[in-house]
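Below, each chain spelled out in residue letters.
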Amino acid sequence: AAKSQGRGNFQFFSAEMNTATHERLLLENRLWQALEQNEFELYLQPQIELASGRIIGAEALLRWHHPELGMVGPDRFIPIAEESGLILPLGDWVLQRASHLLASWRAPGLEHLRLAVNLSARQCHGAGLLPHLDRLLDTHGIDPALLELEITESAAMQDPERSRALLVELRSRGIKVAIDDFGTGYSSLSYLKLFEIDRIKIDRGFVKDIESDPNDAVIVAATIALAHSLGLGVVAEGVETQAQRSFLRAKGCDEAQGYLFARPMPVAQFEAMVRSESMAGADLSPA
Ligand code: C2E
Ligand code: MG
Ligand code: MG
Ligand code: MG
């Protein structure tokens, strides 16, 4: 049976491959120029303090304005950038841009904002990260406590000893560290034992079915309690409904981000949102 199906499957597979390969080539060919051509942009997604409903900061999320493909999301090009090595200069660009932003936020109404930046595995394990960060913090006179670096479990676990050393260095500078996509790795609990961190970000996969799946509800509630008893803050990712928001707030989750509050947006729009919120003294969305 395998043999008789083989040919059709092969043809189907190879057509798919061609589209995927074609797109990959379009992305890959352009990726190195894209940095010089200024085709990248940082979008910001607000992070909301659940108790007050106020914006306490943002996560920086990379976007690429590709001349032929239009706006391309990071899930499509970060893996290619990782493989090709471009992730190192690209990651440096992101940190530099983030530092400029934090420096520009020393303005009335914006000075409390924290900025979270995603780190890739290669950035974490390369030697250039700490010197680059030191230079940026120093040049821009940034309060390190307003910078948060997000590392996924899988990135950190690629080289646990190095990651552990890196996190110690980051935290000794006062930079905050969050574990991204918490719960999706194979070793979430050993992670908490091994690494010094400030916050965990509960993955969207657990938040999504809080209302319908009693197991997910229990896992999320227990994760919040566990994090708090270890002295860690908790951010919930991918909050899309009022019911999810109410559940998380009732369980004591500190912060949330998600489409319910806002999608990732250009910097100017985010700043306008923060300013209008503080002028209105308003809660971002009704309870
Ligand atoms: P992440 O760090 O876990 O970021 C959260 C992702 O969830 C973002 O996707 C965000 O737009 C999306 N999201 C936020 N709220 C909701 C929601 O309510 N519903 C749904 N369905 N999605 C939501 P995005 O921007 O496409 O980024 C994807 C991933 O790419 C990020 O996952 C992060 O791992 C990576 N990434 C983004 N920017 C950077 C960067 O500057 N450097 C590195 N190394 N990785 C980055
Ligand atoms: Mg993240
Ligand atoms: Mg995440
Ligand atoms: Mg993710």
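What counts, and where the lines are drawn
Residues numbered from 1 in each chain as written. Chains lettered and ligands numbered in written order. Predicted model: local features only at pLDDT ≥ 70, side-chain atom pairs only at ≥ 80, totals over all residues. Heavy atoms only, no water. Near = heavy atom within 4 Å. Polar contact = N/O pair within 3.5 Å; in protein donor to acceptor, adjacent residues only side chain to side chain. Areas by Shrake-Rupley, 256 points an atom, 1.4 Å probe, with all protein chains shown as cover. 1 Å grid on protein atoms, 1.4 Å probe; cavity = no way out; pocket = protein on both sides within 12 Å on 5 of 7 lines; lining within 4 Å. Sits in = over half its atoms within 2 Å of the grid points. Helix = DSSP H or I, 4+ residues; strand = E, 2+ residues; numbered from the N terminus. Nonpolar A, V, L, I, M, F, W, Y, C, P; charged D, E, K, R; others polar. Buried < 20%, exposed > 50% of the residue type's maximum accessible area, 1.4 Å probe, protein only. Axes fitted to C-alpha atoms, helices over the stretch in contact; angles between N-to-C directions. Parallel < 35°, antiparallel > 145°, perpendicular 65-115°, else oblique. Contact = heavy atoms within 4.5 Å. Salt bridge = Lys/Arg side-chain N within 4 Å of Asp/Glu carboxyl O. Core = buried A, V, L, I, M, F, W, Y, C linked by side-chain atoms within 4.5 Å.

Taken together, 23 residues surround ligand 1, and among them Arg 63, Asn 118, Asp 180, Glu 240 and Tyr 259 come closest. In the environment of ligand 1, a nitrogen atom lies 3.0 Å from a nitrogen or oxygen atom belonging to the side chain of Gln 45. Side-chain polar atom of Asn 118 to an oxygen atom of ligand 1: 2.9 Å apart, as the coordinates give it. Protein chains bury 84% of the 800 Å² of accessible surface belonging to ligand 1 in isolation. When atoms are counted within 2 Å of each cavity's grid points, the one that captures over half of ligand 1 is the largest pocket. The element best represented in the shell around ligand 1 is strand 2 (residues 54–66), accounting for four residues. Taken together, the residues that form the shell around ligand 1 break down as nine nonpolar, five polar and nine charged.

Right, let's get into unusual backbone geometry. Even without being glycine, Asn 38 reaches a positive phi, approximately 60°. When you line up the elements, Asn 38 lands in the loop between helix 1 (2–36) and strand 1 (40–49). According to the relative accessible area criterion, Asn 38 is exposed, its value standing at 59%. With a phi angle near 55°, Asp 181 is a residue other than glycine that sits in the positive phi range. Summarising the element assignment, Asp 181 is placed in strand 6 (residues 176–182). Judged by its relative accessible area of 24%, Asp 181 falls in the partly exposed class.

With that settled, the discussion passes to the packing of helix 5 (residues 129–140) against helix 7 (residues 160–172). Between helix 5 and helix 7, the least distance of the axes is 11 Å, while the angle of their chain directions is 10°. Classified by the angle their axes make, helix 5 and helix 7 are roughly parallel. Contacts between helix 5 and helix 7 involve Leu 129, Leu 130 and Leu 133 from the former and Leu 166, Glu 169 and Leu 170 from the latter. The residue makeup of the contact of helix 5 with helix 7, split by class, is five nonpolar, no polar and one charged.

The tally for this structure, following the rule as stated, stands at 15 salt bridges. The partner of Glu 28 in a salt bridge is Arg 24, and the shortest N-O contact between them spans 3.0 Å. Taken together, the residues span about one helical turn, with Glu 28 and Arg 24 both in helix 1 at a distance of four residues. Of the residues examined, Glu 28 reaches a relative accessible area of 31% and is grouped as partly exposed. Given the relative accessible area of 31%, Arg 24 is considered partly exposed. Across the pair Glu 255 and Arg 114 runs a salt bridge whose closest N-O atoms are separated by 2.7 Å. Of the two residues, Glu 255 is situated in strand 9 (residues 255–256) and Arg 114 in strand 4 (residues 114–118); the sequence distance between them amounts to 141 residues. Using a relative accessible area of 9% as the deciding quantity, one classes Glu 255 as buried. Residue Arg 114 is classed as buried on the basis of its relative accessible area, which comes to 8%. Ionic contacts of the salt-bridge type, sharing partners, join the residues Glu 59, Glu 150, Lys 201 and Glu 237 into one network.

This next bit is on the nonpolar core. One finds Leu 115, Ile 197, Ile 200 and Leu 248 to be the most contacted residues of the largest nonpolar core, which totals 80 residues. The element best represented in this core is helix 3 (residues 87–104), accounting for eight residues.

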